[in-house]
Amino acid sequence: AWFSEYAIYAPLIAVAIGLLPGCGPQIVITTLYIQGIIPFSALVGNAISNDGDALFPALAMAPKAALIATLYSAIPALLVSYFLFWYL
């Protein structure tokens, strides 16, 4: 019910979850999409911002570069997901 009232925030929340390292949070987003709880735009934003397990070694070896790379994936994820949200 929350996502139906605040659907405009779904892409933003999905992109933020995509920034978390690992694959578990992305499985949750995919499950929410399959169940029809979140829109397709949120799923796409999450997929673009997802760094997956590759973020763990990057954080260990070069934390600053890893955070910059995460931002580089988050900005296009927000742009694409909100474009899809408004125009799809």
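The rules behind these values
Residues numbered from 1 in each chain as written. Predicted model: local features only at pLDDT ≥ 70, side-chain atom pairs only at ≥ 80, totals over all residues. Heavy atoms only, no water. Helix = DSSP H or I, 4+ residues; strand = E, 2+ residues; numbered from the N terminus. Rg over C-alpha atoms; globule rule 2.2 N^0.38 Å. Buried < 20%, exposed > 50% of the residue type's maximum accessible area, 1.4 Å probe, protein only. Contact = heavy atoms within 4.5 Å. Core = buried A, V, L, I, M, F, W, Y, C linked by side-chain atoms within 4.5 Å.

J.: Looking at this structure, how should I read the overall build of the chain?
T.: Scanning the chain from N- to C-terminus turns up 6 helices and 0 strands. Beginning at the N terminus, the succession of helices and strands in the chain can be written as α-α-α-α-α-α. For 88 residues, the compact-globule estimate of 2.2 N^0.38 gives 12 Å, and the C-alpha radius of gyration of the chain, at 13 Å, lies within 12% of that figure. Here the C-alpha coordinates of the chain stretch approximately 40 × 25 × 15 Å along the principal axes. Expressed as a percentage of the 88 residues in the chain, the buried residues total 28%. Once local pairs closer than 6 in sequence are excluded, the contacts in the chain between residues at least 24 apart make up 71%.

J.: Sorry if this is basic, but what is going on with the side chain of Ser-41 here?
T.: As for its position among the elements, Ser-41 is in helix α4 (residues 40–49). Given the relative accessible area of 4%, Ser-41 is considered buried.

J.: Please clarify how the nonpolar core should be interpreted in this entry.
T.: Buried together is how nonpolar side chains tend to be arranged in soluble globular proteins. Among the nonpolar cores identified, the biggest contains 6 residues, and these are Ala-10, Ala-14, Ile-29, Ile-38, Ala-42 and Leu-43. At the level of secondary structure, the elements contributing two or more residues to this core comprise α2 (10–18) and α4.

All we've got here are geometric facts, nothing functional implied.
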